[in-house]
Amino acid sequence: METSNFVSQLRSGARAKFPAHANSLEYARKLDEQDPLKHLREEYTLPTRGSLRKRHLNGTLPDGTRVASLDQTAQAESNTNGCGNGTNGTNGHADDDDKPCIYFCGNSLGVQPKAVRRYVNAQLETWASIGVNGHFQSLGSPLVPWQDMAEDCARRSAAIVGALPSEVVIMNTLTANLHLLMASFYRPTEKRHKIILEWRPFPSDWYAIESQVQWHGLDPTKSMVTIQPDEDFYISTDTILWTIDEHAEETALLLLPGIQYYTGQLFDMERITKYARDRGVVVGWDLAHAAGNVELRLHDWDVDFAAWCTYKYQNAGPGAIAGAFVHERHGRVEVEVGAEDACGRPVFRHRLTGWYGGDKSVRFNMDNKFLPTPGAGGFQLSNPSAIDLAALSGALSVFDKTDMAALRSKALVLTAYAEHLLDGIFADQPADDGKAPVFRIITPRDPLQRGTQLSVLLRDGLLDQVGGALEEAGIVCDRRKPGVIRVAPVPMYCTFEDVWTFMDVLRKSVA
Ligand SMILES: *Cc1c(COP(=O)(O)O)cnc(C)c1O
């Protein structure tokens, strides 16, 4: 058994050929032994079955680490009874309460990297110790002065999304960045006013697009074009290209997700970007489910702009500071020396501006002459939160220990293994009970058209039963009404054994 064989099979777009005994726990454990990234799990604090039942702070992390607690009473109690498993407010204490839970929800909120706590604490110490001087002074590596943190995080994020360091900016949140980027990149004219999107964008993307259209005084029913999927919720590249063709002359912007959040479908960003741009359409990607999940080459693909959040596959924490990409060609700042202005006038792509988009050399001149930082950094508005950046910096420190190729390789096998076990459960169902199949996978079977996530559409009425069984087993997994569970084994901290155990619970819950 060689995991690397599976990787090459899957990377060529083939199915991985698992042996007959692949559905045994021993086999899953063997895959874990061979996993070159298995050490990364140690970088994270996963909830435990016990900690998931926690109802009050008690100053104890799931792994038993003591931390300061806001709730002094709970702290005192916990000190006296010596309970170190991070639970409280519960009666029983089962043997496996202290074991890390199965966390397949990294597509919604990644688990906490231990480095986030260290980095945030270090910034709190810096602030307490040197106050305002922390803007330009650091108390030691790996931290940099607050003023340089956004740039430092941008440089490290660039490796994750396949960009030049100057093409990435770390700022705001995802939806805010979509708005700022559309303010610069969606410039409708009477002729070209449409935005092409997909049938079921994440609601926030829909609202952002719809309100941008209205902001320009246009009618969403005329200016928003939605691409429809087939009966399996699948959107083929041909359908997308065909839609572009149909509306090319009237389209100002194509804005799609790199990975569709509901089905987990990964789009052919390279081909779609080229096709649209060749027809004069500006191309933006929402990479909420793609950044940190799959390999991206935004620069080489010639994408115009992109935006992503960092709390899903990048584990920077709830509502963490977000990232954006602006292609090099849009970030240029040239100085035009005109007759009427001997000092020269900077020429740059129009955007909504704030002082932190201003070049550092003149930012503090306070003279109201805006000269943007070249590159994506010129799209910043405000002095970013050093605490937010510390959290992201800590989360990225784990990415610094590996790379997207290695993470993707493991993810391909993890997800294929999950699919293999799901197919086994399916095959064991009685064929002739006259009911609809217990579930179907609505994520593409082609490993190159998906990330880690498998979306499993359950038979009507099964969601509560299955969801209840998963919860009972201490498994964290996303449910979307009416009947989808989104299973996302994340390569950073999930194991093959997790996948096996998850499927064992699922099998029993649909029996
Ligand atoms: C998670 C997600 C969001 C969330 O937006 P925020 O601005 O970070 O709250 C938006 N769009 C997509 C596609 C998402 O997956």
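For clarity, every value in this text was computed on a predicted model and none was experimentally measured.

Asks: What's the story with the overall build of the protein chain in this structure? I'm lost.
Replies: Along the protein chain, the regular secondary structure elements total 15 helices and 17 strands. The C-alpha atoms of the protein chain give 25 Å as radius of gyration, which agrees with the globular expectation for 511 residues (24 Å, within 12%). When its C-alpha atoms are laid out on the principal axes, the protein chain stretches across 80 × 60 × 40 Å. Counting the 511 residues in the protein chain, one finds 54% classified as buried. Sequence-distant contacts in the protein chain: of pairs separated by 6 or more residues, those separated by 24 or more amount to 69%. Accessible area of the protein chain: about 22800 Å², with a carbon and sulfur share of 53%. Of the charged side chains in the protein chain, 52 are positive and 64 negative; the average position of the first set lies 1 Å away from that of the second.

Asks: Is there a simple way to think about the domain arrangement of the protein chain in this case?
Replies: How big an interface is tends to be stated in terms of accessible area lost as the parts join. Domain annotation of the protein chain identifies domain 1 (2–34 + 403–509), domain 2 (55–99), domain 3 (174–308) and domain 4 (333–379). Once you take the C-alpha centre of each, domain 3 and domain 4 turn out to be 29 Å apart. Taken together, the contact pairs 6 residues of domain 3 with 5 residues of domain 4. Roughly 500 Å² of surface becomes buried between domain 3 and domain 4 when both sides are summed, with 61% attributable to carbon and sulfur atoms. Of all residues in domain 3, the largest losses of buried area upon contact with domain 4 belong to Leu180, Ser184 and Phe185, amounting jointly to 65% of the total for that side. The tally of links from domain 3 across to domain 4 stands at 2 residue pairs in polar contact (both at pLDDT 80 or more). Of the residues assigned to the side of domain 3 that touches domain 4, the class counts are 4 nonpolar, 1 polar and 1 charged.

Asks: Teacher, can you tell me more about the UniProt feature "domain: Aminotransferase class V" (unreviewed entry) in the protein chain here?
Replies: As annotated by UniProt and renumbered to match this structure, "domain: Aminotransferase class V" (unreviewed entry) occupies residues 150–318. Helix makes up 37% of residues 150–318 and strand 17%, with an end-to-end C-alpha separation of 18 Å.

Asks: Teacher, can you tell me more about the sheet that holds strand β13 (residues 439–441) here?
Replies: In a beta sheet, neighbouring strands pair by backbone hydrogen bonds and run either parallel or antiparallel. Strand order in the open sheet made by the 4 strands is β13-β14-β17-β16, with antiparallel pairing throughout. With one partner strand each, in any of the chains shown, β13 and β16 (478–480) form the two edges of the open sheet. Averaged over all pairs of adjacent strands, the angle between their axes in this sheet comes to 25°, without regard to strand direction. Of the strand pairs in this sheet, strand β14 (residues 454–458) and strand β17 (residues 484–487) are connected by 4 bridges, and their pairing is antiparallel. Along β17, the bridge assignment pairs Leu454 with Val487. Sheet contacts for helix α13 (residues 404–427): β13 and β14; angle to β13, the most-contacted strand, approximately 150°. On the sheet, helix α14 (residues 463–472) packs against β14, β16 and β17 and is oriented at approximately 170° with respect to β16.

Asks: When you look at a nonpolar patch on the surface in this model, what are you seeing that I'm missing?
Replies: Among the surface-exposed residues, Phe136, Trp355, Phe364 and Met366 lie close enough to one another that they form a single nonpolar patch of about 490 Å² accessible area. You can call Phe364 partly exposed: its relative accessible area is 38%.

Asks: It is not clear to me how the side chain of Gln147 should be interpreted in this structure. Could you clarify?
Replies: Structurally, Gln147 can be placed in helix α5 (residues 146–161). In terms of polar contacts, Gln147 uses its side chain to reach the side chain of Tyr356, at 3.1 Å. Residue contacts for Gln147: discarding those within four places in its chain leaves His135, Phe136, Tyr356, Lys360, Arg363, Phe364 and Asn383.

Asks: Would you mind showing me how to read the site of the ligand here?
Replies: The environment of the ligand is formed by Leu174, Thr175, Phe202, Asp205, Asp286, Ala288, His289, Tyr311 and Lys312. Between the ligand and Lys312 there is a distance of 2.5 Å, counted from an oxygen atom to a side-chain nitrogen or oxygen. Within the complex, the protein chains bury 84% of what would otherwise be the 400 Å² of accessible surface of the ligand. Classifying every residue of the shell around the ligand by side-chain character gives 4 nonpolar, 2 polar and 3 charged.

Each value, and the rule that gives it
Residues numbered from 1 in each chain as written. Predicted model: local features only at pLDDT ≥ 70, side-chain atom pairs only at ≥ 80, totals over all residues. Heavy atoms only, no water. Helix = DSSP H or I, 4+ residues; strand = E, 2+ residues; numbered from the N terminus. Rg over C-alpha atoms; globule rule 2.2 N^0.38 Å. Buried < 20%, exposed > 50% of the residue type's maximum accessible area, 1.4 Å probe, protein only. Contact = heavy atoms within 4.5 Å. Areas by Shrake-Rupley, 256 points an atom, 1.4 Å probe, with all protein chains shown as cover. Lys, Arg positive; Asp, Glu negative; His and termini not counted. Charge placed at Lys NZ, Arg CZ, Asp CG, Glu CD. Domains from an automatic or database assignment. Buried area = accessible area lost by both parts, 1.4 Å probe. Polar contact = N/O pair within 3.5 Å; in protein donor to acceptor, adjacent residues only side chain to side chain. Nonpolar A, V, L, I, M, F, W, Y, C, P; charged D, E, K, R; others polar. UniProt positions renumbered as here; feature names shortened; annotations may be inferred. Pairing = 2+ DSSP bridges. Axes fitted to C-alpha atoms, helices over the stretch in contact; angles between N-to-C directions. Patch = residues over 30% accessible without salt bridge, like charges linked within 9 Å, V, L, I, M, F, W, Y side chains within 5 Å. Salt bridge = Lys/Arg side-chain N within 4 Å of Asp/Glu carboxyl O. Near = heavy atom within 4 Å.

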